[in-house]
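Residue strings, one per chain:
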Amino acid sequence: MIDAAELDQVQADSAREIAACSELAELESLRISLLGKKGRLTVLMKGLKDVEPDKRKEVGAQLNAAKVGVEGKLAEKLQELQSEALNKRLASEAIDVTLPVRSPILNTGPGSLHPLTRVQEDLERIFETLGFSVVDGPELEQEYYNFDALNIPDSHPARDMQDTIWTKEGTLLRTQTSAIQVRALERLKPPLRIVAPGRCFRYERMDATHEHTFYQMEGMMVDRCVTVGNLIYFMKTLLREIFGSEQKIRLRPGYFPFVEPGFELDIWFQGRWLELLPCGLVHPKVLEYGGIDPKEWQGFAFGLGLSRLVMSRYQIDDIRHLQGCDLRFLQQFS
Ligand code: FA5
């Protein structure tokens, strides 16, 4: 038999308990305690089968109305609690775009000079004390200055020594800072001493000692009676000042159409010889291209592999670290 008072009580209790609910989990437990398999309302509904047949319809309708009422209240409360939870989440996850950025990249403390910049600045200082001026030239260069004026005419096999990135007919990304030589000769009158640091570009297969974009520093001195002796003196001074100690080096003949004689200066680096500092006496034809009489003036020139010098100075085993933008690498130099 179903006790009408008990049904009223369940309805009244459930209305109060649902209204007092403040958590989604709590509401779910309440739903189970009312409408679950053994819930209070479910148990009452199961009692319908024991009601006398002539009252069953009426009692069934009461039970059903009670169930619908409870379900309605539960659904209403569920919606209320869900929207409260959503609002809370939105408030806690709100982003204040006016706050300063807290990025691991930007919060690494004060910046510092890149090792390439440091060595370049050291070299500039050393050469300035030896009477050299620092000059600049374009990275997007004319074929004329990069090759022709350096005694490397079109179809000369020496052009193949440097894999060139051409932009359009007659224009290229300079493959060597030697492109500055004739520009400087045209602009400055001898006697002159210049160094020209800068980026060079080659269509190069990359490995631990070859980059497609790397730094060189060109050096040139033009004066009366310049000899190989002068050249060697400046090479040795450069290396001694940069390394602070004698380095194991070797000088061997080298071929470059714009110097005669030409040399290769290699440095012993991590168990092998590394080409570092080719050089030679400026070829008379190059002086002529620059409008200078080779009978009166002579010169020497060198093309220091600046990126490789940085490698040897700091014992960096792979040239690609230099432009890899890896902070763990760069922070070693801060
Ligand atoms: C030249 O570029 C000549 N202009 C050098 C020169 C100047 C000779 C003046 C005589 C007189 P070479 O291609 O060898 O030569 O390059 C010079 C140096 O640049 C090399 O010894 C090496 O240290 C560096 N170098 C060349 N190619 C690369 C590369 N792909 N990556 C890093 N360093 C390089």
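Coordinates for the structure precede this section.
(A) Focus on the pairing of strand β5 (residues 192-201). Buried residues dominate β5, accounting for eight of its ten residues. Strand direction decides the pairing type here: strand β1 (residues 133-134) and β5, joined by two bridges, are parallel. Within β5, the position partnered with Ser133 by the bridge is Ile194. Bridge count for β5 against strand β6 (residues 213-223) is ten bridges, and the pairing is antiparallel. Within β6, the residue paired with Leu192 across the bridge is Val222.

(B) Summary view of the packing of helix α1 (residues 4-20) against helix α2 (residues 24-35). Between α1 and α2, the least distance of the axes is 10 Å, while the angle of their chain directions is 170°. One way to sum up the angle between α1 and α2 is to call them roughly antiparallel. Mapping the contact onto sequence places Val10, Ser14, Glu17, Ile18 and Ala20 in α1 and Glu26, Leu27, Leu30 and Leu34 in α2. In terms of residue class, the contact of α1 with α2 is made up of six nonpolar, one polar and two charged.

(C) Just the pattern of salt bridges, in detail. Applying the stated criterion to the full structure yields 19 salt bridges. As a salt-bridge pair, Arg40 and Asp13 come within 2.8 Å of each other at their nearest N and O atoms. Here Arg40, found in helix α3 (residues 40-46), pairs with Asp13, found in helix α1; they are 27 residues apart in sequence, far enough to count as distant. Overall, Arg40 belongs to the partly exposed group, its relative accessible area being 32%. When its relative accessible area of 10% is taken as the criterion, Asp13 is described as buried.

(D) Spatial organisation of the site of the ligand. Every one of the 25 residues lining the ligand counts as a neighbour, but Gln176, Ser178, Arg202, Glu204 and Glu275 are closest to it. Between the ligand and the protein, one listed contact pairs a nitrogen atom with a side-chain N or O atom of Ser178 at 2.7 Å. Residue Gln216 places a side-chain N or O atom 3.1 Å away from an oxygen atom belonging to the ligand. Every element with two or more residues in the shell around the ligand is listed here: β6 and β11 (298-305). For the shell around the ligand, the leading source of residues is β11, giving four residues. Per-class residue counts for the shell around the ligand are ten nonpolar, nine polar and six charged.

(E) Expanded view of the sheet that holds strand β2 (residues 140-142). Spatial ordering of the open sheet is given by β2-β4-β3, a layout of three strands whose pairing is antiparallel. Since the sheet does not close on itself, it has two edges, and those belong to β2 and β3 (165-168), each with one partner. Taking the axes of each pair of neighbouring strands and ignoring which way they run, one obtains an average angle of 40° across the sheet.

(F) Structural detail: a positive patch on the surface. A cluster of basic residues, Lys37, Lys38, Lys46 and Lys49, forms a positive patch at the surface. Within the fold, Lys37 resides in the loop between α2 and α3.

(G) Summary view of the packing of helix α5 (residues 115-129) against helix α10 (residues 306-314). For the pair α5 and α10, interaxial distance at closest approach is 10 Å and the crossing angle is 100°. With respect to α10, the element α5 is oriented roughly perpendicular. Contact residues: α5 offers Pro115, Leu116, Arg118, Val119, Gln120, Asp122 and Leu123, while α10 offers Leu306, Ser307, Leu309, Val310, Arg313 and Tyr314. By residue class, the composition of the contact of α5 with α10 is eight nonpolar, two polar and three charged.

(H) Representation of the pairing of β3 in the model. Sheet analysis places β3 next to strand β4 (residues 171-173), joined by three bridges and oriented antiparallel. Residue pairing in the sheet places Lys168 in a bridge with Thr171 of β4. As consecutive antiparallel partners, β3 and β4 are separated by two residues, and within that stretch Gly170 has a phi angle of approximately 85°, a positive value.

(I) Local environment of the nonpolar core. Counting residues in hydrophobic clusters, the biggest one holds 39 residues, and the most contacted among them are Leu123, Phe300, Phe302, Leu304 and Leu309. For this core, the secondary structure elements donating two or more residues are α5, β6, α8 (228-243), β8 (259-269), β10 (279-282), β11 and α10. Among the elements that take part in this core, α8 stands out by supplying seven residues, more than any other. Beyond its immediate stretch of four places on either side in the chain, Phe300 contacts Phe132, Gly219, Met220, Met221, Val226, Asn230, Leu231, Phe234, Gly280, Leu281 and Val282. Tyr145, Leu185, Val282 and Ile292 belong to the second largest nonpolar core, which has 26 residues in total.

Definitions and cut-offs
Residues numbered from 1 in each chain as written. Predicted model: local features only at pLDDT ≥ 70, side-chain atom pairs only at ≥ 80, totals over all residues. Heavy atoms only, no water. Buried < 20%, exposed > 50% of the residue type's maximum accessible area, 1.4 Å probe, protein only. Helix = DSSP H or I, 4+ residues; strand = E, 2+ residues; numbered from the N terminus. Pairing = 2+ DSSP bridges. Axes fitted to C-alpha atoms, helices over the stretch in contact; angles between N-to-C directions. Parallel < 35°, antiparallel > 145°, perpendicular 65-115°, else oblique. Contact = heavy atoms within 4.5 Å. Nonpolar A, V, L, I, M, F, W, Y, C, P; charged D, E, K, R; others polar. Salt bridge = Lys/Arg side-chain N within 4 Å of Asp/Glu carboxyl O. Near = heavy atom within 4 Å. Polar contact = N/O pair within 3.5 Å; in protein donor to acceptor, adjacent residues only side chain to side chain. Patch = residues over 30% accessible without salt bridge, like charges linked within 9 Å, V, L, I, M, F, W, Y side chains within 5 Å. Areas by Shrake-Rupley, 256 points an atom, 1.4 Å probe, with all protein chains shown as cover. Lys, Arg positive; Asp, Glu negative; His and termini not counted. Charge placed at Lys NZ, Arg CZ, Asp CG, Glu CD. Core = buried A, V, L, I, M, F, W, Y, C linked by side-chain atoms within 4.5 Å.

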